[in-house]
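# Structure at a glance
Residues per chain, in single letters:
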Number of protein chains: 2
Amino acid sequence: MHRVKVRVVEDALDANNTIARANRDDFDRAGVYVVNLMSAPGAGKTTLLERVLGPLEGVRAAVLEGDVQGSLDADRLASLHVPVVQLNTGNGFGGECHLDANMVRSALPSLPLEDIDLLIIENVGNLVCPAEFRVGEDTRIMVSSVAEGEDKPLKYPLMFRACELVVINKLDLLPHVDFDMDKYMHHLDSVHPDVERLQVSARTGEGVDAVREWLQRAAAREGAVA
Amino acid sequence: MHRVKVRVVEDALDANNTIARANRDDFDRAGVYVVNLMSAPGAGKTTLLERVLGPLEGVRAAVLEGDVQGSLDADRLASLHVPVVQLNTGNGFGGECHLDANMVRSALPSLPLEDIDLLIIENVGNLVCPAEFRVGEDTRIMVSSVAEGEDKPLKYPLMFRACELVVINKLDLLPHVDFDMDKYMHHLDSVHPDVERLQVSARTGEGVDAVREWLQRAAAREGAVA
């Protein structure tokens, strides 16, 4: 019985990868660099985007917002005057806990791919399943809040291994929480030694310039930006 | 294709409920009151248990720790001298993002059910899927951290609807985060008007007595405690 279960999962992931490649082909054809942005609930993905996307010079960005329900984050980003498309996963039973390639594919007709250079796909807040489903992205960034504790890389290793950049957020809370940055870095190195990392406070703006520059460099490297 | 997917999910939930009822029967026979404790990653479930379980007078407690990988939380709780059993969901692909009834069932032989009154099942940190899988519990408690933001009841409504008690944690961070308690309560009321709620700081100990008393009353009501 267990063997059957694993096989079903593998088939589902295989189908997902097929669709992810089709998405990636479409993104490449349109010259769009795509980021899959992941984190636990409330780690600050949207606040970071508010800080970064507004002043992103020379890069035309859009956001695909994944949520179980509602459009709170999309509404927040609307004031930035970048195209925002909402994708809700909450049909069926309690809602999917992650975006998959087919969900993203269903949103492609709503996205102005020919008119943008950078697409940020803000995934559902979850440290497990989003890491298992490619959606056609060029890179995966995760936001990790110091309020969540220094043990998270050890407890959710796949997520920390799956990304190319870890943005350590809520630096402003460091004096008020029990979080040892050295220990956290040690844990992060033990699961993903080469991963890039940036320390920020999306709330105060500290360090967010480096995230913006990282995105600009990455998009330029891919040739998405002229 | 979509219709097929929904049917598979319903079948899986139906099978889960059948096993959850079998677990519940075993818990009832042994006179054990069972709590399914849920939250986002890093909301403070384990710290709350450290505060509550040590001084839980007249109630013999045990903990079933659910994690994707590792035994960090179980190790932390070991110093409390209550039985702790670790359940890892990380076999197969990237690890299951929730506990289900069959996983809990597989742990029953390791639990001293005849010698305890209260079993706390600490679920995987996730605000989506754990709410969809009954494991045989009497009640569901969720921990919601003020660091996660006041919008969480609206974004993860099933989780907030599925529980009988919301423990609002990290009160000590209130002066340092943008969190409007009145707004949060309004959001919580809009998705689950009758739910009980307690405000605590597991870090400082503020308010944790009320959680302990809630558990003692609940266990006594069920006849688990003599």
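Relevant structure appears above.
Bear in mind the structure is a predicted one, so any value in this text is a computation, not a measurement.

What counts and what doesn't
Residues numbered from 1 in each chain as written. Chains lettered and ligands numbered in written order. Predicted model: local features only at pLDDT ≥ 70, side-chain atom pairs only at ≥ 80, totals over all residues. Heavy atoms only, no water. Pairing = 2+ DSSP bridges. Helix = DSSP H or I, 4+ residues; strand = E, 2+ residues; numbered from the N terminus. Axes fitted to C-alpha atoms, helices over the stretch in contact; angles between N-to-C directions. Contact = heavy atoms within 4.5 Å. Parallel < 35°, antiparallel > 145°, perpendicular 65-115°, else oblique. Nonpolar A, V, L, I, M, F, W, Y, C, P; charged D, E, K, R; others polar. Salt bridge = Lys/Arg side-chain N within 4 Å of Asp/Glu carboxyl O. Buried < 20%, exposed > 50% of the residue type's maximum accessible area, 1.4 Å probe, protein only. Buried area = accessible area lost by both parts, 1.4 Å probe. Polar contact = N/O pair within 3.5 Å; in protein donor to acceptor, adjacent residues only side chain to side chain. Phe/Tyr/Trp six-rings, centres within 6.5 Å; stacked < 30°, edge-to-face > 60°.

Turning next to the sheet that holds strand β7 (residues 196–199) of chain A. Residues and elements named next belong to chain A. In space, the 7 strands of this open sheet follow the order β3-β2-β4-β1-β5-β6-β7, with parallel pairing throughout. Looking at strand neighbours, the two that pair on one side only are β3 (84–88) and β7, the edges of this open sheet. In this sheet, adjacent strand axes meet at a mean angle of 20 degrees when their direction is disregarded. Pairing between strand β2 (residues 61–67) and strand β4 (residues 118–122): 5 bridges, direction parallel. By the bridge assignment for β4, V63 is matched with I120. In this fold helix α2 (residues 45–53) packs onto β1 (33–39), β2, β4, β5 (139–145) and β6 (165–169), with an angle of close to 165 degrees to the strand it touches most, β4.

Okay, the environment of A30 of chain B next. If you trace the backbone, A30 of chain B turns up in helix α1 (residues 2–30). In contact with A30 of chain B, other than residues within four places in its own chain, are L113, E114 and I116 of chain B.

Residue and element names in this part refer to chain A. Interhelical geometry of α2 versus helix α8 (residues 208–221) gives an angle of 75 degrees and a closest axis separation of 9 Å. By the angle between their directions, the pair α2 and α8 is classed as roughly perpendicular. Between α2 and α8, the residues in contact are L48, R51 and V52 and V208, V211, R212 and L215, respectively. Residue classes in the contact of α2 with α8 are distributed as 5 nonpolar, no polar and 2 charged.

What follows deals with the pattern of salt bridges. Enumeration according to the criterion identifies 32 salt bridges over all chains in this entry. Here E137 of chain A makes a salt bridge to R134 of chain A, at a shortest N to O gap of 3.4 Å. A residue is classified by how much of its surface remains accessible, and R134 of chain A, at 34% relative accessible area, is partly exposed. Note that D178 of chain A and R203 of chain B form a salt bridge whose closest N and O atoms lie 3.0 Å from each other. Taken together, the residues D178 of chain A in the loop between β6 and α7 (181–191) and R203 of chain B in the loop between β7 (196–199) and α8 (208–221) connect one chain to another.

Here we come to the interface of chain A and chain B. On the side of chain B, 42 residues touch chain A, which itself brings 41 residues to the contact. When the two sides are added together, the surface that chain A and chain B hide from each other amounts to roughly 3600 Å², 59% of it contributed by carbon and sulfur. Connecting chain A to chain B are 6 salt bridges. In this structure, the connection of chain A to chain B is made through 11 residue pairs in polar contact (both at pLDDT 80 or more). When residues of the side of chain A that touches chain B are traced back to their parent elements, those giving at least two are α1 (2–29), α3 (72–78), α5 (152–155) and α6 (157–162) of chain A. Examining the composition of the side of chain A that touches chain B, we find that 4 residues originate from one element, α1 of chain A, more than from any other.

Bringing the packing of aromatic side chains into the picture now. One pass over the structure, following the stated rule, counts 4 aromatic pairs over all chains. Relative to Y184 of chain A, the ring of F179 of chain A has its centre 5.2 Å away and its plane inclined at 40 degrees; by these criteria the two rings are tilted. Here the two residues F179 of chain A and Y184 of chain A agree in accessibility, since each one is buried. Consider the rings of F160 of chain B and Y184 of chain B, whose centres lie 6.5 Å apart with planes at 75 degrees: the pair is edge-to-face. You can see F160 of chain B sitting in helix α6 (residues 157–162) and its partner Y184 of chain B sitting in helix α7 (residues 181–191), a full 24 residues away along the chain. Of the residues examined, Y184 of chain B reaches a relative accessible area of 1% and is grouped as buried. One aromatic cluster is present, formed by F160, F179 and Y184 of chain A through successive ring pairs.

Moving on, we come to the sheet that holds strand β6 (residues 165–169) of chain B. Residue and element names in this part refer to chain B. Read from one edge of the open sheet, 7 strands run β3-β2-β4-β1-β5-β6-β7, paired in parallel fashion. Looking at strand neighbours, the two that pair on one side only are β3 (84–88) and β7, the edges of this open sheet. For this sheet, the mean inter-axis angle between neighbouring strands, taken without regard to orientation, is 20 degrees. Where β6 lies against β7, 4 bridges are found, and the strand directions are parallel. The residue of β7 that forms the bridge with V167 is L198.

Here D172 of chain B lies in the loop between β6 and α7. Classification of D172 of chain B as buried rests on a relative accessible area of 19%. Not counting chain neighbours up to four residues away, the residues in contact with D172 of chain B comprise H176 of chain A together with S201, R203 and T204 of chain B.

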